[in-house]
Amino acid sequence: MVKILITDDSSLSRKILKKMLSQEDYEIMEAENGLRAMEVYFLEKPDVMLLDLAMPDISGLEVLAKIRELDSQAKIIIATADLQDLTIKATQEAGAVGYITKPFNKEKVLETIHQVLNNS
Amino acid sequence: MKELTEKQRDALSELLNMGFARTAASLSQLTGNRVLLDAPYVSIHPIKKLSKELANFVTGEIATVQQIFTGNVSGNALLLLNYDGALVLSDLIDPDLEYEDENDQKNDQKNNQKKRKTPNPEILTEIGNILLNSCMSVFGNILNISISFSVPRLYLEALDGLLHSLVIQDEEMRYAMLVYTSFRLKENAVTGYMIMILSVSSLDNLLVAVEHWADELLEDA
């Protein structure tokens, strides 16, 4: 079963993403901050990670860089409200494989995950 | 003090996250720099205690753009910028447009000091207008409430004075929703905060709308 890790400090966003993904045959894991996300990532080795950027302890961009440094094959999709072109570019340079923005659109979320899984 | 439920706080934080993201995108477009956003923190305080609360993180001289908004949810929106950051920002947007306050010049000459540059009020007011509008428009669109804005006003004075005048102007403005989100650009040269000050009834309306929005999001997901 495909494992997906949702990382967001907002329980509302985690709930929304979890519900959107529940119609697919995915095993969903959650992390509420960057530190927990790295812990869960290396314990569970999810196929895809959805990662928020603005989080209280460590920013999503730092989490992305750290995970990619230790696992260059990590498939991380940024899931954020940040709409800046420069942020999109920074995450691409750090190795993100997708970028979805809040408020989430179910079709866009599922399509992005399918694309990432099909390309792996 | 009015307490937010966990559901209200979570939904409000997400809404503010989206509003600030739009603000950051606008600021990034204006300046050509990436804007770093911290996770939003929301708290509600009696307005009379706001100065004390703000003193925890807003220090030194600041420039404030204030905009009154009206509608189902009405109140004051404030954009706070560190004073030196306001200078950097006005330079980034229009480096050719020099502005020096005449009074400052006179004082500087009298004190035989180097002339001090002042943030260009026109540019700062317009920045405030764009940033506050982009954030508040997201609230309006998402919550499906109509919000109208007044002309923005710039204050280059201590925040205490401005907050005091708000308390005096409208006794109904008893609560401030403090949005503890800072944004930074140019390697922390510019830092800013946004604050919404709402009347009791507006705060209640906002919380009802936010909870409704969160319920709808979950239903539609």
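The structure under discussion appears in the preceding block.
Residues numbered from 1 in each chain as written. Chains lettered and ligands numbered in written order. Predicted model: local features only at pLDDT ≥ 70, side-chain atom pairs only at ≥ 80, totals over all residues. Heavy atoms only, no water.

S.K.: Can you lay out the interface of chain A and chain B for me, pointing to particular residues and giving the numbers?
M.R.: Counting from both sides, the interface comprises 23 residues of chain A and, opposite them, 24 residues of chain B. For the chain A and chain B pair, buried surface summed over both sides reaches about 1900 Å², with 63% attributable to carbon and sulfur atoms. It is A:L12, A:K19 and A:Q84 in chain A that bury the most area against chain B; as a group they hold 29% of the surface buried on that side. Where chain A packs against chain B, one counts 1 salt bridge. Linking A:K102 and B:E14 is a salt bridge whose minimum nitrogen-to-oxygen distance equals 2.8 Å. Going through the elements one at a time, α1 (11-21) and α4 (85-93) of chain A are the ones with two or more residues in the side of chain A that touches chain B. Looking at which element gives the most residues to the side of chain A that touches chain B, the answer is α1(A), with 7 residues. (Contact = heavy atoms within 4.5 Å. Buried area = accessible area lost by both parts, 1.4 Å probe. Salt bridge = Lys/Arg side-chain N within 4 Å of Asp/Glu carboxyl O. Helix = DSSP H or I, 4+ residues; strand = E, 2+ residues; numbered from the N terminus.)

S.K.: Account for the pairing of strand β4 (residues 76-80) of chain A, with residues named and values stated.
M.R.: Successive side chains on a regular strand alternate, one facing one side of the sheet and the next facing the other. Residues and elements named next belong to chain A. For β4, the tally of buried residues reaches 5 of 5 residues, placing the bulk of the element in the interior. Burial of β4 is two-sided: the residues I76, I78 and T80 facing one way and the residues I77 and A79 facing the other way are all buried. With 3 bridges joining them, strand β3 (residues 48-51) and β4 adopt parallel strand pairing. Note that in β4 the partner of M49 across the bridge is I76. (Buried < 20%, exposed > 50% of the residue type's maximum accessible area, 1.4 Å probe, protein only. Pairing = 2+ DSSP bridges.)

S.K.: Kindly report on the sheet that holds strand β1 (residues 2-7) of chain A, identifying the contributing residues and their values.
M.R.: All names here are of chain A. Taken together, the 5 strands give an open sheet; going across it, the order is β2-β1-β3-β4-β5, and neighbouring strands pair in parallel fashion. Two strands bound the open sheet, and with one partner strand each, they are β2 (26-31) and β5 (98-101). Recorded for the sheet is a direction-independent mean angle of 20 degrees between the axes of neighbouring strands. Each of β1, β2, β3, β4 and β5 is contacted by helix α5 (residues 106-119), which is oriented at about 175 degrees to β5, the strand it contacts most. (Axes fitted to C-alpha atoms, helices over the stretch in contact; angles between N-to-C directions.)

S.K.: Provide a residue-level description of the packing of helix α1 (residues 6-31) of chain B against helix α7 (residues 200-220) of chain B, including the pertinent values.
M.R.: All names here are of chain B. Interhelical geometry of α1 versus α7 gives an angle of 85 degrees and a closest axis separation of 9 Å. Of the possible angle classes, the one that applies to α1 and α7 is roughly perpendicular. Where α1 approaches α7, its residues K7, Q8, A11, L12, E14, L15 and M18 are matched on the opposing element by L206, L207, V210, E211, W213, A214 and D215. Its residues placed into classes, the contact of α1 with α7 shows 9 nonpolar, 1 polar and 4 charged. (Parallel < 35°, antiparallel > 145°, perpendicular 65-115°, else oblique. Nonpolar A, V, L, I, M, F, W, Y, C, P; charged D, E, K, R; others polar.)

S.K.: Go over unusual backbone geometry, please, and point to the residues and values.
M.R.: The omega angle of the peptide bond from A:K102 to A:P103 is -5 degrees, so this bond is cis rather than trans. Position of A:P103 among the secondary structure elements: in the loop between β5 and α5. Although it is not a glycine, A:K45 adopts a positive phi angle of roughly 45 degrees. Relative to the assigned elements, A:K45 resides in the loop between α2 (34-44) and β3. Positive phi, close to 60 degrees, is recorded for B:N144, a residue that is not glycine. Within the element layout of this structure, B:N144 appears in the loop between α5 (121-143) and β5 (147-149).

S.K.: Summarise the pairing of strand β3 (residues 62-71) of chain B; cite the residues concerned and give the values.
M.R.: All names here are of chain B. Within β3, 7 of the 10 residues are buried, which leaves it mostly tucked inside the rest of the structure. In the sheet, β3 pairs with strand β4 (residues 75-82) via 8 bridges, with the strands oriented antiparallel. Looking at β4, one finds that A63 is bridged to L81. Remark: 3 residues form the turn of the hairpin made by β3 and β4, two consecutive strands paired antiparallel. Bridging between β3 and strand β6 (residues 153-155) involves 3 bridges; their strand directions are antiparallel.

S.K.: Account for the environment of B:L185, naming residues and giving values.
M.R.: Residues and elements named next belong to chain B. Locating L185 in the fold gives a position in strand β7 (residues 175-185). You can call L185 buried: its relative accessible area is 2%. Between the C-alpha atoms of L185 and T31, which are 154 residues apart in sequence, the distance is 9.3 Å.

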